[in-house]
Amino acid sequence: MPFHRHLPTMAAALLAACSALSAAELPPKPTVADVVKASRASEWRVPDPDNTLYMEIPAGRVVIELAPEFAPQHAANIRAMVREGYFDGLAILRSQDNWVVQWGDPDEKNPKALKTAKAKLPGEFTVPLKSIKDFTRLPDRDGYAPQVGHANGFPAARDPKSGQAWLAHCYGMVGVGRDTASDSGNGGALYAVIGNAPRHLDRNITVVGRVIDGMPLLSVLPRGAGAMGFYEQPEQMVPIKSVRLAADVPEEQRSKLEILRTDSASFKAVAEAQRNRGGPWTKVAAGHVDLCNVPIPVRQQANAN
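Below is a short write-up of the structure. (Residues numbered from 1 in each chain as written. Predicted model: local features only at pLDDT ≥ 70, side-chain atom pairs only at ≥ 80, totals over all residues. Heavy atoms only, no water.)

## So, the sheet that holds strand 4 (residues 91–95)
Consider a sheet: its strands pair through backbone hydrogen bonds, and that pairing is either parallel or antiparallel. In plain terms, the rule: Here, strands pair whenever DSSP counts at least two bridges between them. Secondary structure elements follow DSSP: runs of H or I no shorter than four residues count as helices, runs of E no shorter than two count as strands, and numbering proceeds from the N terminus. Pairs of residues are marked as contacts when any of their non-hydrogen atoms sit within 4.5 Å. Angles shown run from 0 to 180 degrees and are taken between the N-to-C directions of axes, each axis being a line fitted to C-alpha atoms and, for helices, limited to the stretch in contact.
Pairing is antiparallel in the open sheet, where 9 strands are placed in the order 14-4-5-12-11-13-3-2-15. For this open sheet the edge positions go to strand 14 (238–239) and strand 15 (242–245), each flanked by a neighbour on one side alone. As judged from the 4 bridges shared by strand 3 (residues 60–66) and strand 13 (residues 207–213), these two strands associate in the antiparallel manner. Bridged to I64 within strand 13 is V211. Across the sheet, helix 3 (residues 72–84) lies against strand 2 (52–57), strand 3, strand 11 (173–176), strand 12 (190–193), strand 13 and strand 15, angled at about 120° from strand 15, the strand it touches most.

## Description of the sheet that holds strand 10 (residues 164–167)
Spatial ordering of the open sheet is given by 6-10-9-8-7, a layout of 5 strands whose pairing is antiparallel. The open sheet has two edge strands with one neighbour each: strand 6 (127–128) and strand 7 (135–137). One ladder, built from 5 bridges, connects strand 8 (residues 147–151) with strand 9 (residues 154–159); its direction is antiparallel. The residue bridging V148 from the neighbouring strand is A157, located in strand 9.

## Some details on the environment of D97
Selection criterion: Three labels apply to residues, based on accessible area from a 1.4 Å probe with only protein chains included: buried if under 20% of the type maximum, exposed if over 50%, partly exposed otherwise in between. Whenever two N or O atoms come within 3.5 Å, that pair is a polar contact, provided that in protein one can donate a hydrogen and the other can accept it, and provided that, for residues adjacent in sequence, both atoms are side-chain atoms.
Relative to the assigned elements, D97 resides in the loop between strand 4 and strand 5 (100–104). Overall, the relative accessible area of 53% leaves D97 in the exposed class. Taking the C-alpha atoms as reference points, D97 and A76, separated by 21 residues in sequence, lie 30 Å from one another. Among the polar contacts listed, one links the side chain of D97 to the side chain of R223, at a separation of 3.2 Å.

## What to know about the pairing of strand 9
Consecutive side chains along a regular strand alternate between the two faces of the sheet. By the criterion of burial, strand 9 is predominantly enclosed, with 5 of the 6 residues buried. In sequence, strand 8 turns back onto strand 9 through a hairpin of 2 residues, with N152 there showing a positive phi of about 55°. Relative to strand 10, strand 9 runs antiparallel, the two sharing 4 bridges. In the sheet register, A157 faces strand 10, and the bridge partner there is W166. Between the antiparallel neighbours strand 9 and strand 10 lie 4 residues, among them G163 with a positive phi of about 70°.

## So, helix 5 (residues 265–275)
Of all the residues in helix 5, the buried ones are S266, F267, V270, A271, A273, Q274 and R275. Tucked into the core, helix 5 has its buried residues touching helix 2 (32–38), strand 8 and strand 16 (257–260).

## As for the pattern of salt bridges
Put simply, the rule is: We define a salt bridge as a contact between a side-chain nitrogen of Lys or Arg and a carboxyl oxygen of Asp or Glu at a distance within 4 Å.
The final tally for this structure, using the stated rule, is 16 salt bridges. Put simply, D50 and R83 hold a salt bridge, and the shortest N to O gap is 4.0 Å. Placement of D50 in the loop between strand 1 (44–45) and strand 2 and of R83 in helix 3 is noted, with a sequence separation of 33 residues between them. Across the pair D140 and R275 runs a salt bridge whose closest N-O atoms are separated by 2.6 Å. In this pair, D140 sits in the loop between strand 7 and strand 8 while R275 sits in helix 5, placing the two residues 135 residues apart along the sequence. Salt bridges linked by common partners bring D50, R83 and D248 together as one network.

## Regarding unusual backbone geometry
Each neighbour pair has its own omega, and for G279 with P280 the value is 10°, a cis peptide bond. Mapped onto the secondary structure, P280 falls in the loop between helix 5 and strand 17 (298–300). Here N98, not a glycine, exhibits a phi torsion of approximately 60°, which is positive. Within the fold, N98 resides in the loop between strand 4 and strand 5.

## Brief notes about the pairing of strand 2
Of all the 6 residues making up strand 2, 6 are buried; the element is thus mostly covered by neighbouring parts of the structure. Side-chain alternation along strand 2 places T52, Y54 and E56 on one buried face and L53, M55 and I57 on a second face that is also buried. Bridge count for strand 2 against strand 3 is 6 bridges, and the pairing is antiparallel. Each bridged residue has a counterpart across the sheet, and for E56 the counterpart in strand 3 is R61. Between strand 2 and strand 3, which pair antiparallel one after the other, the connecting turn spans 2 residues. Pairing geometry for strand 2 and strand 15, over 4 bridges, is antiparallel. Each residue of the ladder has a partner; that of L53, found in strand 15, is L245.

## Considering the state of the cysteines
Keep this limit in mind: The disulfide criterion is simple: two cysteine sulfur atoms within 2.5 Å.
Counted under the stated rule, the structure contains 1 disulfide. The partner cysteine of C170 in its disulfide is C292, sulfur to sulfur 2.0 Å. A torsion of -75° about the S-S bond marks the disulfide between C170 and C292 as left-handed. One end of the pair, C170, is in the loop between strand 10 and strand 11; the other, C292, is in the loop between helix 5 and strand 17, with 122 residues separating them in the sequence. Both residues of the pair, C170 and C292, belong to the buried class.

Shown next, in the form of structure tokens:
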């Protein structure tokens, strides 16, 4: 019998095999929640009070952890501005859909004066790779960097050939607004990513930290109707009551948070849980995870009242 006469039978058998494979359920695997629940107390850390900001807005508190390893000059300048009371009375000026929420001085013609903080700083878009410790690398491919992973609680990237490392523009990351010149930002205008990760901004803007609590307060703000999501009327802006360093806030008034250490075994298990989800709800395991899709768990301190 000619070979072509077997083709319909072979095709039917192949389709039946594929259907059987697709119908087979994936075995259950630990979820991120399972990993977090099983983690050890020693795998969690409390944010450094000297590098943790409390931004109070009418809806509540936004907690930001600074990353001085990646932006030492800007982190120091922001701390100086906070202790000067620079941000008190300023406002959230911009909410651009699928992009960022930005805050700073709404009066460009008569800007608020600085005291000890610097008006301009060189851009800290990258830092020497050797200055970054505890880099937990992801094995997955990335289109924006030779290597990606997490360092000291932040999504990061690095290039062994150039010897540089940098923070990535993932959801919740906080960056420094600037004009065209690389040294035109000082930390007085900040933004938080509220949309799909704009990774093309990596190495083009200084990234100074991450919102670790209060992101819903920023992500639900009404979108600005002006260009780039800026609010067109002063009454649309969200007033900033105050910004304080946690170290300057009485202990009983501090947010009792702890973050899963990104150099811990449980964090590696979190990344794996995202990379290869088990059944029965998941039908196809991705076998891959994007840097910005790896959650960095934050929870209330276990011993907090």
